[in-house]
Structures are given as C-alpha cells and as structure tokens.
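Structural characterization, general
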Amino acid sequence: MSIFFFVFLFVGVIILFSSFFTVKQQTAVVVERFGKFLSIRNSGLQLKVPIIDRIAGRVNLRIQQLDVMIETQTKDNVFIKMKVSVQFKVVQEKVYEAFYKLEYPHDQITAYVFDVVRAEVPKLILDDVFVRKDDIAIAVKRELNEAMMAYGYDIINTLVTDIDPDIQVKNAMNRINAAEREKTAATFESDAQRIRIVAKAKAEAESKKLQGQGIADQRREIAKGLVESVEVLNKVGINSQEASALIVITQHYDTLQAIGADTNSNLILLPNSPQAASDMLNNMVTSFTASNIIGEEMKRQPRKVKKTGNHSSLDYNPSDTSNPEEPAN
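To start, this report covers the structure provided alongside it.

Rules used in this analysis
Residues numbered from 1 in each chain as written. Predicted model: local features only at pLDDT ≥ 70, side-chain atom pairs only at ≥ 80, totals over all residues. Heavy atoms only, no water. Helix = DSSP H or I, 4+ residues; strand = E, 2+ residues; numbered from the N terminus. Contact = heavy atoms within 4.5 Å. Pairing = 2+ DSSP bridges. Axes fitted to C-alpha atoms, helices over the stretch in contact; angles between N-to-C directions. Core = buried A, V, L, I, M, F, W, Y, C linked by side-chain atoms within 4.5 Å. Buried < 20%, exposed > 50% of the residue type's maximum accessible area, 1.4 Å probe, protein only.

**Overview of the overall build of the protein**
- Broken down by element type, the protein carries eight helices and 10 strands.
- Contacts in the protein between residues far apart in sequence, at least 24 positions, make up 58% of those at least 6 positions apart.

This is how it looks when you write it as structure tokens:
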C-alpha cells in the first residue's frame, strides 16, 4: 500500500505543477480544451485544468522584421534586385485571428510585397526607382495593411533598404557620372582660363597705357628742357642753329655713354666723331625744310573736277581746306 501511495502522490504533484504555467512579457498564449479554443492568456502566472486544457501555441506580440529580396525589371528594361524590409506585429486584441486564420504569415507578407513591387517598379525608369523608392515603400505598406489587418497583423513600416542593379549597369552609370563630372570640371577650368586671359590682357593694356603716358611725359619734359636750353644759350649770344647743334652733340655723346654702360647691349655701330653730330643736325634741318616745301606745293595744286551725268564729284587735295566752287556751265 505504501508503494501505491507514493506513486499516487508523485503523479498528483506532477499534475498539480502542470496546472500552472507562465507567460513572458509581450507574449500571448492560446489555451484549448479538448482541441477547442478556450482562452488567450497574457503575461504572468496562469492556471489551466490538467489533462483537459492544453497550451495550443504562443504568439509573439513584439515588432518583427521581415526582409524580402525581389528581382524585377524597370521600364527601361534594367533588371534590379530590391530589398524591402517589412516591420509588423500582432495586434493584441486580434491574437485569435493571427493564430487561427493565418498559418504562415511570413509567406503571406512576402507574396504581397512581391505583388506590389512588381506592379510599381515596371512603371518607372531606373533613375526614378532610386528617387521614388519612398513611394514604392508607401504603396507596399498600404497594400499590406489592407490585406493583413484582417488576420490580426499590423504593418508598422515598410522600407526599401537596397536597390542593386546589374553590375554592368552600375559600371555604365559610374562611367556616365564620371564623364559628367569631368565635363563640369572642364567647364570650370575653361572659365578660369578665360578669366586669367582677360585679366592678363587688361593688365597688359593698363601697362601699355601707363607706359605710353610715361613716354609722352618724358618727351614733353625733354622738349621743355630743350626749349629752356635754347633760351639760356640765346641769352649768352649763341643763335638758335648753334644752340641746336650743341644740344644734338650733347645728346649724341649721352647716348654713346648709355650704350657703353649697359653690359648686355648688342653690338651697335655709331659714328663717334664731333662731325657726326653736325651731320645729323644738317640732315634733320634738310628733312624739315624739304617736308615744308612739299606741303606748300601740295596746297598750291589746282582742284580736279569730274562730271558724271548730271552730277559732279570733286577730287580735292587732302591738304586743301578751302571751300570748293561750283564749275561754270
């Protein structure tokens, strides 16, 4: 009798302990009685009737993520692989529907994601797929919410986390991008070169302008100095021709001294005798006299009149500033 008693006591203890069970946080337990749904138990210590009641399953109430890889084709016939991440959870008030109505929720969600993505992406070219990936994610979430809410699943968010075109397409896109950047760089370099050329031209123009003004000022001062020198020489009894000869000789020897002082000067042959300065002065005077005579002769030339039909044209001497007279009929 004692053995049967201990066996009965042991079995009773096991049955008693099997009546109690615990449910973790963010988890729901479905309890059945003789194969029929009885109740849903939430987190904490729970009690069930031994042998009669059993735990049919546990439902995770935390947010879950399902990554779906999809291969599809764009409008411009480019095959791409897209990774869509779906974040979902079981609604606590609809644990019954999530447990009994849908056996493979991951397969169901994957099917809807495939259906929506392969309906949206073929409407877009490759560049638009990258730009409008958020629109694709919103369309997936909207479709999943409408379909999965009836099974007790709430779609928290959908994200297009990766878009991977074919390797040849990526290489072509990289080459296009590199070519565009090289084109932009060349444009900026040409603009910079043009700015440098314009700035250099302006600087040279300003330099030549200032150089010309300097030469003009120098010659003006030289002329003033010569006038003053002639006036000083006239005061001591030297006439203008003698004063000019003296100034020419002085300038001649100053030039020779300047050329000799420059060690980098090329070979220049110049007359260095005193008579050379006098010859230079005589040649200058002769040239001025000849030019004055030619100018006077041109002023005395008669005007030529050419008649053409009823009109007459006058061929004037360029140096003639008198008013033309109409020829007599």
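**Notes on unusual backbone geometry**
- One non-glycine residue, Phe-34, lies in the positive phi region at around 55°.
- Examined against the element boundaries, Phe-34 turns out to sit in the loop between β2 (27-33) and β3 (36-41).
- For Asn-77, which is not glycine, the phi torsion reads 60° and is therefore positive.
- With respect to the secondary-structure elements, Asn-77 resides in the loop between β6 (64-73) and β7 (79-90).

**Brief notes about the sheet that holds strand β8 (residues 153-165)**
- Read across the open sheet, the three strands follow the order β6-β7-β8; overall the sheet is antiparallel. Two strands close off the open sheet at either side, each with one partner strand: β6 and β8. Neighbour-to-neighbour, the strand axes of this sheet turn through a mean angle of 20°, independent of strand direction.
- As defined by bridge partners, β6 adjoins β7 across 10 bridges and the pair is classed as antiparallel. When the bridges of β7 are listed, Glu-71 appears paired with Lys-81.

**Quick word on the sheet that holds strand β5 (residues 53-60)**
- Spatial strand order, β3-β2-β5: three strands in an open sheet with antiparallel pairing. Only two strands of the sheet have a single partner each, and these edge strands are β3 and β5. Mean inter-strand twist for the sheet, computed between neighbouring axes without regard to direction, equals 25°.
- Here β2 pairs with β3 via five bridges, running antiparallel.

**Points about the nonpolar core**
- Core analysis: the largest hydrophobic core is formed by 35 residues, its most contacted members being Val-113 and Val-117.
- Elements with a minimum of two residues in this core: β2, β6, β7, α2 (95-100), α3 (105-120), α4 (126-131), α5 (133-148) and β8.
- Non-local contacts of Val-117, meaning those with residues more than four positions away in its chain, are made with Ile-70, Thr-72, Met-82, Val-84, Pro-122, Ile-136 and Val-140.

Keep in mind that these numbers describe shape and distance, not what the molecule does.
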